[in-house]
Amino acid sequence: MWGGPAYSAPCYNSPVARVLMVSSEAAPLAKTGGLADVVGSLPSALQAYGDEAAVLIPRYGSIDLKGLRRVFERLPIHLGPTRYDASVYQAPAEFPFYLLDCPPLYGREGFYGESGLDYPDNHIRFAVLCRGAIAVARTLFKTEVFHCHDWQAGLVPAYLRTTFATDPTFLGVKTLFTIHNLGYQGLFPKTVLPELALDPALFRPDGLEFFGSVSYVKGGIALADALNTVSPTYAKQIQTPEYGFGLDGALRARADALSGILNGVDYRDWNPETDPLIPARYSAEDLSGKRACKEALLAEFGLPHDAMERPLIGMVSRLTRQKGADLLTEAAGQLVAEDVYLVALGNGDPEYEEFFEGMAAEFPGRVAVRIGFDNGLAHRIEAGADMFLMPSHYEPCGLNQIYSLKYGTVPVVRATGGLDDTIEAGTGFKFQEYTGAALLEALREAVRAYANGPAWRDTMLRGMAKDFSWKISAAAYSALYRRLLERT
Ligand code: ADP
Ligand code: GLC
């Protein structure tokens, strides 16, 4: 289905907010993690509140032009003396889903880099995305709020406050900067400044400067009209030195403008009653399909059928330190001694990929691992596992534990950020301290609980009954846009 007209005349007195989301990812076309799920589903959820949201992401090489419609040709983007010739495509979606096409910048294999190395011109690639968003707002989608996601969209407020400060098209336009992950900052040497065609006056500690470097995330933090992150607990944590990645001071300085809005999820994609990607469907009323999913998952991973009567732990994760991969390196040996089974899907840092593969080699028939990105398999693990492990070092929100609840797959999580906000005693198991010992203790507690069938089933059912759909969170975003536009 094609999203409505590419352009419709603005109506400034209407209560509707017109929002352009600027992001480096949006499902289903470009995804490495939860950012894509959020940007791909929030716009539709906002429609229930009358808001009109569009999305702009780069048209990466992996996104086939077939199936897209060109809606704007020859959109020159000038960064100082350099001109980038872009055009805009639109993808079929329930909302205007735009893709900025500029093959020299985005027509590559990766989104951010290849073979573990960032592209050396990422500062240009994402500055052009920000300028492309401003151009889209001028030509295709009349915008009142730029909703900028993560560092890749961090320069939008900077350009609006300088280059376009007196441009009548953008008078009264507001910006919201959402931090999905403060661990990724878009840091570049000061020498890139002239290439960005940004007013050098912005290079100061209360602007884009971060200890002598240019920081895109800091640009968002310092210059957006409002800030939020993706759970209430993470919003507090990032204002502390422990979780602030050096930006806690900048965030505290803007505490009045900062809020935490828990991510919602789209149960049209993640629901065991309707999921076409799992071998058998099931519901809280009839869980028999879940057994079938477990059986199929064990077979798919080559694990023994004996595991049917023992806890099967699932993991689906970017393999980085954030996700607690280093905790597992501490705990792995003792974990398998608990007579449990583990299936893991992930990709990321070569060091952790090797660790997971090593674990599978060391404990054949107990631990099975797939390195890679595979959406179907992610669904099959959610459905087939008994428990879902997320021992994150930090977690802004986390979506997998929320999906797990819906699939009756009991989460075992570290109590941090959104994991702490979404999992409670009664729906899952939490541990506080970031140690292998604390992780093992929580898992042992879960394994003991699993032994009591009826009580375990109740835990599953309590999780399945939880509602983390976008309803509440989209209402919070809608209210925030309206506050920015001073509308009720
Ligand atoms: P993050 O965004 O930090 O990676 P989230 O829990 O918010 O963590 O979201 C992760 C999303 O990415 C989920 O939809 C998850 O299923 C998906 N995902 C992560 N790794 C993989 C993978 N290797 N293969 C398929 N899907 C993955
Ligand atoms: C980030 C975070 C994750 C969050 C996701 C979507 O990638 O690491 O916790 O759920 O963004 O907001």
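### Section: the overall build of the chain
Counting secondary structure elements, the chain contains 17 helices and 20 strands. What you see for the chain is a C-alpha radius of gyration of 23 Å, in line with the 23 Å of a compact globule of 488 residues. The principal-axis extent of the C-alpha atoms belonging to the chain is close to 70 × 45 × 40 Å. In the chain, which comprises 488 residues, the proportion classed as buried is 60%.

### Things to note about the sheet that holds strand β11 (residues 209–210)
Here we have 3 strands laid out as an open sheet, ordered β10-β12-β11, and antiparallel in their pairing. Edge positions in the sheet fall to β10 (187–189) and β11, since each of these pairs with one other strand and no more. Two strands pair when backbone bridges link them, and β11 and strand β12 (residues 213–215) are joined in this way by 2 bridges, in the antiparallel orientation. Bridge pairing links E209 to V214 in β12. The strands touched by helix α6 (residues 216–223) are β10, β11 and β12; relative to β12, the strand with the most contacts, the crossing angle is about 60 degrees.

### Points about the side chain of T175
Position of T175 relative to the elements: it lies in strand β9 (residues 174–179). According to the relative accessible area criterion, T175 is buried, its value standing at 3%. When residues no more than four places from it in sequence are discounted, the contact partners of T175 are F146, V156, P157, L160, L223, A224, D225, A226 and L484.

### Regarding the site of ligand 1
Of all residues adjacent to ligand 1, which total 22 residues, the nearest are K31, G34, R318, K323 and G372. Taking G34, its main chain carries an N or O atom lying 2.6 Å from an oxygen atom of ligand 1. At 2.7 Å, a side-chain N or O of R318 approaches an oxygen atom of ligand 1. Taken by itself ligand 1 offers 560 Å² of open surface, and the protein chains cover 95% of this. Elements supplying a minimum of two residues to the shell around ligand 1: α1 (34–46), β15 (312–319), β16 (341–348), α12 (375–384) and α13 (400–406). Across the shell around ligand 1, the residue classes break down as 7 nonpolar, 9 polar and 6 charged. Composition of the shell around ligand 1 by domain shows at least three residues from each of domain 1 (18–264 + 471–486) and domain 2 (288–466).

### Description of the side chain of E395
In this structure, E395 sits in the loop between β18 (387–390) and α13. For E395, a relative accessible area of 3% puts it in the buried group. Within polar-contact distance, the side chain of E395 engages the side chain of K323 at 2.9 Å. The contact partners of E395, leaving out residues within four places of it in the chain, are Y234, Q322, K323, M390, T416, G417, G418 and L419.

### Let's talk about unusual backbone geometry
P28 follows A27 through a cis peptide bond whose omega is 5 degrees. Tracing the chain through its elements places P28 in the loop between β1 (18–22) and α1. We note that R74 has phi near 50 degrees; this positive angle belongs to a residue other than glycine. Note on placement: R74 falls in strand β3 (residues 69–79). Backbone geometry at D339 places phi at a positive 60 degrees, although glycine is not the residue there. Here D339 is to be found in the loop between α10 (325–336) and β16.

### Some words on a negative patch on the surface
Taken together, the side chains of D349, E351, E354 and E357 present a region of like negative charge at the surface. Within the secondary structure layout, E351 lies in helix α11 (residues 350–362).

### With respect to the nonpolar core
Membership of the largest hydrophobic core comes to 178 residues, with the highest contact counts inside it found for L20, L100, F146, Y159, F356 and Y481. Ranked by the residues each element gives to this core, the list is headed by helix α3 (residues 122–139), at 11 residues. Residues in contact with F146, not counting those within four places in the same chain, are L20, V22, A133, I134, A137, V156, L160, F170, V173, K174, T175 and L176.

### Describing the site of ligand 2
Residues in close proximity to ligand 2 total 14 residues, the closest being H180, N263, E395, C397 and G398. One nitrogen or oxygen atom from the side chain of N181 is found 3.3 Å from an oxygen atom belonging to ligand 2. Contacts to ligand 2 include E395, whose side-chain N or O atom sits 2.5 Å from an oxygen atom. Surface burial for ligand 2 is 94%, taken as the share of its 300 Å² of free accessible area covered by protein chains. With 3 residues, the top contributor of residues to the shell around ligand 2 is α1. Tallied by class, residues from the shell around ligand 2 come to 6 nonpolar, 6 polar and 2 charged. Here the shell around ligand 2 spans two domains, and each of domain 1 (18–264 + 471–486) and domain 2 (288–466) adds at least three residues to it.

Criteria and cut-off values
Residues numbered from 1 in each chain as written. Chains lettered and ligands numbered in written order. Predicted model: local features only at pLDDT ≥ 70, side-chain atom pairs only at ≥ 80, totals over all residues. Heavy atoms only, no water. Helix = DSSP H or I, 4+ residues; strand = E, 2+ residues; numbered from the N terminus. Rg over C-alpha atoms; globule rule 2.2 N^0.38 Å. Buried < 20%, exposed > 50% of the residue type's maximum accessible area, 1.4 Å probe, protein only. Pairing = 2+ DSSP bridges. Contact = heavy atoms within 4.5 Å. Axes fitted to C-alpha atoms, helices over the stretch in contact; angles between N-to-C directions. Near = heavy atom within 4 Å. Polar contact = N/O pair within 3.5 Å; in protein donor to acceptor, adjacent residues only side chain to side chain. Areas by Shrake-Rupley, 256 points an atom, 1.4 Å probe, with all protein chains shown as cover. Nonpolar A, V, L, I, M, F, W, Y, C, P; charged D, E, K, R; others polar. Domains from an automatic or database assignment. Patch = residues over 30% accessible without salt bridge, like charges linked within 9 Å, V, L, I, M, F, W, Y side chains within 5 Å. Salt bridge = Lys/Arg side-chain N within 4 Å of Asp/Glu carboxyl O. Lys, Arg positive; Asp, Glu negative; His and termini not counted. Charge placed at Lys NZ, Arg CZ, Asp CG, Glu CD. Core = buried A, V, L, I, M, F, W, Y, C linked by side-chain atoms within 4.5 Å.

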